[in-house]
Amino acid sequence: MTTEDVPTADNTELDTKHSFCRVCHAACPIEVDIDGNDHVVEIRGVKDDPLFEGYTCIKGRQLPDQMHHPDRLRATYRRAADGHLEEVASADALDEIATKLAVIIEEHGPGAVASYTGTGGYQNSAALESARGFHKGIGSRSLYTSVTIDQPAKGVVPGITGWWEAGFHNFRDADVSMAIGYNPMVSSYGAVGGLQGTNPFMVMRRAKERGMKLIVVDPRKTELSTFADIHLQVKPGEDPALISGLINVILSEGLHDQEFCDQWVNGLGELMAEVAPFTPEYVAERCQIDADDLVAAARMFAAGTRGTAGTGTGPNMAPNSLLTEHLAISLNAICGRVNREGDHLESGALLYPDTPKRAQAIAPVDPRTGPPHRFRNLRGYRGEMLCTALAEEILEPGEGQVRALICSGGNPAVAFPDQALTMEALRDLELLVVVDHRMTATAAEADYVIAPTLSLERADVPHLMDRWLTQPYTNYTDAVIEPEGDVLNEWQVFHGLSRRLGTPMPLAGGDLAEIETPTDHDVIDHIYALARMPLDEVRAHRREVHPDKSLITQAADPKCTAKFEVGTEIMMTKLAAVATQQTGSELIEGYVDGEFPFRLVSRRLKASLNSLGPELPGLARKGTTNAAYMNPADLTALGLESGDLIDISSTVGTITGVCEAAPDVKQGVISMAHSWGDGSLEDDKVRDIGVPTSRLTSTTAAYDDITGMAVLSAIPVNVRASELQTA
Ligand SMILES: Nc1nc2c(c(=O)[nH]1)N[C@H]1C(S)=C(S)[C@@H](COP(=O)(O)OP(=O)(O)OC[C@H]3O[C@@H](n4cnc5c(=O)[nH]c(N)nc54)[C@H](O)[C@@H]3O)O[C@H]1N2
Ligand SMILES: Nc1nc2c(c(=O)[nH]1)N[C@H]1C(S)=C(S)[C@@H](COP(=O)(O)OP(=O)(O)OC[C@H]3O[C@@H](n4cnc5c(=O)[nH]c(N)nc54)[C@H](O)[C@@H]3O)O[C@H]1N2
Ligand code: SF4
Ligand SMILES: [Mo]
């Protein structure tokens with residue numbers, strides 16, 4: 001289809017329907033104007049929505065273009081013998097795929113069949129659970145999602161440090177908030193007790209008006225930091241030193257909550273001993289910040305009565321990510337920043353089962369209980385295997401080798417660490433099925449590419465925001481336009497395969513495979529069958545706040561003996577190691593001091609969502625490359641100007657990027673978005689399509705020994721004018 005084939009809008013019969021955006025997880029409610037051709041003409045935020053108040057972002061506003069883009073895939077394609085992709089009916093493709101899967105299962109066992117649900121899959125409230133049901137049905141442990149290359153420390157740390165059953169303090173009534181390496185004004189992401197993506201500018205303005213103090217820890221002067229009372233422009237990768245410094249000040253000045261610690265915190269003495277070397281002066285030098293600012297931040301945080309410290313992707317991708325997460329949770333624990341009896345929880349978690357919310361600790365339980373990987377002593381956790389070990393699991397022959405991968409709304413070719421290894425693995429598979437509406441770098445390698453329905457063509461619940469919203473709020477959407485072409489909802493792919501293989505597809509509400517042709521609503525009912533609010537009630541209450549459903553913290557069980565373990569040996573050993581390092585970079589194999597003077601940090605861009613965005617004209621106008629943002633002083637020192645091509649080298653690889661002067665970036669830092677470019681491993685098109693920073697990263701040279709998380713931020717690199725440009 002060419003641009004000329006796109007039917008012109010028929011504005012004579014404009015119909016307006018309600019839905020919510022699913023370009024990212026924030027689920028902003030929208031009004032959708034639909035013309036007589038069932039085409040979306042415009043979307044707007046819903047002004048009278050009680051939480052979002054009309055907020056949308058530039059990505060969401062491109063929904064009409066995304067739905068009707070001429071290059072959008074609307075059929076299934078199969079790799080023909082001569083290598084080109086040919087159109088095939090989706091039902092026939094599912095027949096063939098099921099046959100191939102049956103052979104692979106027969107030869108290698110069910111674990112040889114893997115799936116990867118990426119960010120696109122996560123925006124569909126039915127996709128991941130369908131994948132889970134499919135895996136359970138065939139008996140395969142090989143379920144992967146982007147969580148394990150996002151912030152896996154968040155899933156593991158409760159098992160090491162402990163947790164609080166009623167959760168940490170809310171943002172909505174916090175009088176202090178510390179944001180360590182996240183930027184919700186752009187990402188809509190919010191940490192534990194942090195500002196969430198619901199209408200972030202307005203919510204932050206109101207928080208400042210009520211007197212909330214904000215401390216931001218970020219090497220970049222971010223959109224969030226413009227609201228900060230104190231901005232600690234930390235050297236990337238030095239968060240463990242910085243948080244240890246904060247804890248040291250708080251403990252040595254006696255600013256912690258001793259009463260809370262007496263009852264609920266173990267290991268305070270051990271923690272105090274290990275943070276002792278992190279004096280304000282030492283931390284200031286290591287982190288390249290002002291010692292007085294560090295002390296002021298510690299006192300400001302401790303002086304608050306309510307509010308938390310939370311981390312985002314920056315520190316969760318830097319070296320020592322699990323330790324950073326442990327220290328952030330410990331900081332909250334020693335200051336007693338948890339919900340007490342009678343406190344209301346922010347979100348209603350209405351789509352999830354009603355579990356007790358008592359004012360008591362949950363003791364850590366060793367998180368390393370998932371099935372073992374065959375590599376590096378890594379294990380899966382919380383029902384997932386680790387993306388950072390998937391390439392090896394594909395490439396290494398022997399029992400347990402992965403032979404088939406179903407990629408549901410993800411783009412590993414540019415998103416996974418160690419791009420060369422990932423490409424080798426994708427090409428080594430016996431079967432690669434990609435469910436995506438775009439011909440991505442991953443789809444280009446596939447044996448089958450299945451075109452999915454897009455958001456406005458399917459029913460959904462805001463399943464991610466449900467846990468993070470600032471009020472107990474419900475929303476639901478029907479499909480608001482009919483899909484054109486032969487497109488499948490992700491659940492239809494897994495359901496179709498389960499039925500063809502004759503395996504069950506167990507979901508919370510029963511076996512979906514028993515139903516021949518379920519609807520989206522049936523599937524959602526099956527997945528959220530144990531929800532606090534029955535789904536029919538959710539359907540009847542769209543865009544509504546339910547004050548009567550507020551979760552209220554209950555009294556602790558008097559017999560509860562669980563405690564936070566802030567001085568646990570495993571973490572104190574890691575912290576002791578940090579104290580002996582000059583920088584977290586020593587952990588990276590091949591790192592040589594002095595050879596890599598810059599740190600490349602990851603970031604999100606307003607006009608893209610990982611690899612998605614620049615295919616739409618309204619977003620491409622904001623840039624067709626993931627610029628390498630650098631401090632102007634660094635550019636001058638290197639004799640570079642904005643727009644020049646630069647070669648950026650880490651211990652494992654080199655990429656060519658387009659540099660751009662950005663005074664908001666700390667000196668010695670390169671701030672660059674990930675998942676751009678293609679799978680060619682070459683950068684000659686960098687100005688038009690960008691470049692994947694994953695080529696600078698490695699799953700084996702720099703990773704956390706427990707979560708397997710690779711170092712994807714604070715990557716030690718050096719920079720020079722590119723040979724590409726001078727050639
Ligand atoms: N160096 C470095 N690497 C990183 C990161 C970093 O910061 N730095 N970040 C990491 C993080 S946090 C993540 S989450 C991963 C991202 O990893 P991925 O999630 O694998 O990458 P995306 O580019 O978001 O891929 C999502 C795909 O879903 C498709 N999609 C969108 N909507 C739909 C839909 O409705 N249905 C279907 N089937 N597909 C859809 C899009 O076209 C896109 O190709 O990358 C990780 N990698
Ligand atoms: N517009 C937009 N929104 C998105 C996405 C997108 O691509 N675009 N992606 C989505 C995804 S997949 C995710 S996981 C979330 C992530 O949401 P966030 O975690 O908020 O992601 P970022 O906006 O990249 O913020 C990370 C911050 O960490 C800082 N940082 C980097 N390294 C370090 C470090 O070593 N220490 C410290 N203290 N800070 C550091 C960076 O400068 C950056 O400001 O966003 C989601 N939302
Ligand atoms: S913040 Fe996310 S959900 Fe809201 S309009 Fe933007 S892309 Fe859509
Ligand atoms: Mo992510």
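Residues numbered from 1 in each chain as written. Chains lettered and ligands numbered in written order. Predicted model: local features only at pLDDT ≥ 70, side-chain atom pairs only at ≥ 80, totals over all residues. Heavy atoms only, no water.

Looking at the domain arrangement of the protein chain
If you check the domain split of the protein chain, you get domain 1 (3-68), domain 2 (168-337) and domain 3 (592-721). A separation of 38 Å is found between the C-alpha centroids of domain 1 and domain 2. In total, domain 1 and domain 2 occlude about 660 Å² of area from one another, counting both sides; carbon and sulfur atoms represent 51% of this. Summed over the shared surface of domain 1 and domain 2, the result is one salt bridge. Glu53 serves as the salt-bridge partner of Arg206, at 2.9 Å between the closest nitrogen and oxygen. Its residues assigned to classes, the side of domain 1 that touches domain 2 shows five nonpolar, one polar and two charged. (Domains from an automatic or database assignment. Buried area = accessible area lost by both parts, 1.4 Å probe. Salt bridge = Lys/Arg side-chain N within 4 Å of Asp/Glu carboxyl O. Nonpolar A, V, L, I, M, F, W, Y, C, P; charged D, E, K, R; others polar.)

A closer look at the packing of helix α9 (residues 239-252) against helix α11 (residues 268-275)
Relative to each other, α9 and α11 sit at 120°, their axes nearing to 9 Å. By crossing handedness, the relation of α9 to α11 is classed as left-handed. Listed contacts from α11 to Ser244, Ile247, Asn248, Leu251 and Ser252 of α9 are Leu268, Leu271, Met272 and Val275. The residue inventory of the contact of α9 with α11, partitioned by class, reads six nonpolar, three polar and no charged. (Axes fitted to C-alpha atoms, helices over the stretch in contact; angles between N-to-C directions. Helix = DSSP H or I, 4+ residues; strand = E, 2+ residues; numbered from the N terminus. Left-handed = near helix turned anticlockwise from the far one by under 90°. Contact = heavy atoms within 4.5 Å.)

Points about the packing of aromatic side chains
Here a ring pair, both rings aromatic, is described through the centre-centre distance and the interplanar angle of the planes. Within this structure, the stated rule accounts for twelve aromatic pairs. Here Tyr182 and Tyr189 contribute two aromatic rings whose centre-to-centre distance is 5.9 Å and whose plane-to-plane angle is 90°, an arrangement assigned as edge-to-face. When its relative accessible area of 17% is taken as the criterion, Tyr189 is described as buried. Consider the rings of Phe278 and Tyr282, whose centres lie 5.8 Å apart with planes at 55°: the pair is tilted. Classification of Tyr282 as partly exposed rests on a relative accessible area of 26%. Stacked on the ring of Phe171, the Lys or Arg Arg210 has its end atom at 5.9 Å from the ring centre. (Phe/Tyr/Trp six-rings, centres within 6.5 Å; stacked < 30°, edge-to-face > 60°. Buried < 20%, exposed > 50% of the residue type's maximum accessible area, 1.4 Å probe, protein only. Lys NZ or Arg CZ within 6 Å of the ring centre and 35° of its normal.)

Points about α11
Residues of α11 that are buried: Leu268, Leu271 and Val275. Projection of α11 onto a plane perpendicular to its axis shows the buried side chains occupying an angular sector of 65°, all on one side. Structurally, α11 contributes buried residues whose contacts are with α9, α10 (258-264), β12 (265-266), α15 (321-334) and α22 (569-580). (Arc of directions from axis to C-beta.)

Description of the side chain of Ser611
Mapped onto the elements, Ser611 comes out in the loop between β23 (598-603) and α23 (617-620). For Ser611, a relative accessible area of 16% corresponds to the buried category. Side-chain polar atoms of Ser611 contact the side chain of Arg438, separated by 3.0 Å. For Ser611, the contacting residues outside a window of four places in its chain are Asn411, Val414, Arg438 and Ser675. (Polar contact = N/O pair within 3.5 Å; in protein donor to acceptor, adjacent residues only side chain to side chain.)

Some details on unusual backbone geometry
Not every positive phi belongs to a glycine, and Ala27 is a case in point at roughly 60°. Structurally, Ala27 can be placed in the loop between β1 (15-20) and β2 (29-34). The class for Ala27 is buried, based on a relative accessible area of 8%. In this structure, Ala714 takes a positive phi of about 55° despite not being glycine.

Points about the side chain of Ser649
For Ser649, the location among the structural elements is in strand β25 (residues 645-649). Of note is the side chain of Ser649, whose polar atom sits 2.8 Å from the side chain of Thr654. If sequence neighbours within four positions are ignored, Ser649 has contacts with Phe596, Thr654, Leu696, Pro716, Val717, Asn718 and Arg720.

Some details on the site of ligand 2
Taken together, 33 residues lie around ligand 2, and Ser187, Asp218, Asp239, Thr313 and Ser608 are the ones closest in. Note that a nitrogen atom of ligand 2 is positioned 2.8 Å from one of the backbone N or O atoms of Leu605. Contact distances for ligand 2 include 2.6 Å between a nitrogen atom and a backbone N or O atom of Ser608. Contact with the protein chains removes 97% of the 920 Å² of surface that ligand 2 exposes when unbound. Only α7 (184-187), α14 (313-317) and β23 provide two or more residues apiece to the shell around ligand 2. Among the residues making up the shell around ligand 2, the classes are represented as 13 nonpolar, twelve polar and eight charged. Split by domain, the residues of the shell around ligand 2 number at least three in each of domain 2 (168-337) and domain 3 (592-721). (Near = heavy atom within 4 Å. Areas by Shrake-Rupley, 256 points an atom, 1.4 Å probe, with all protein chains shown as cover.)

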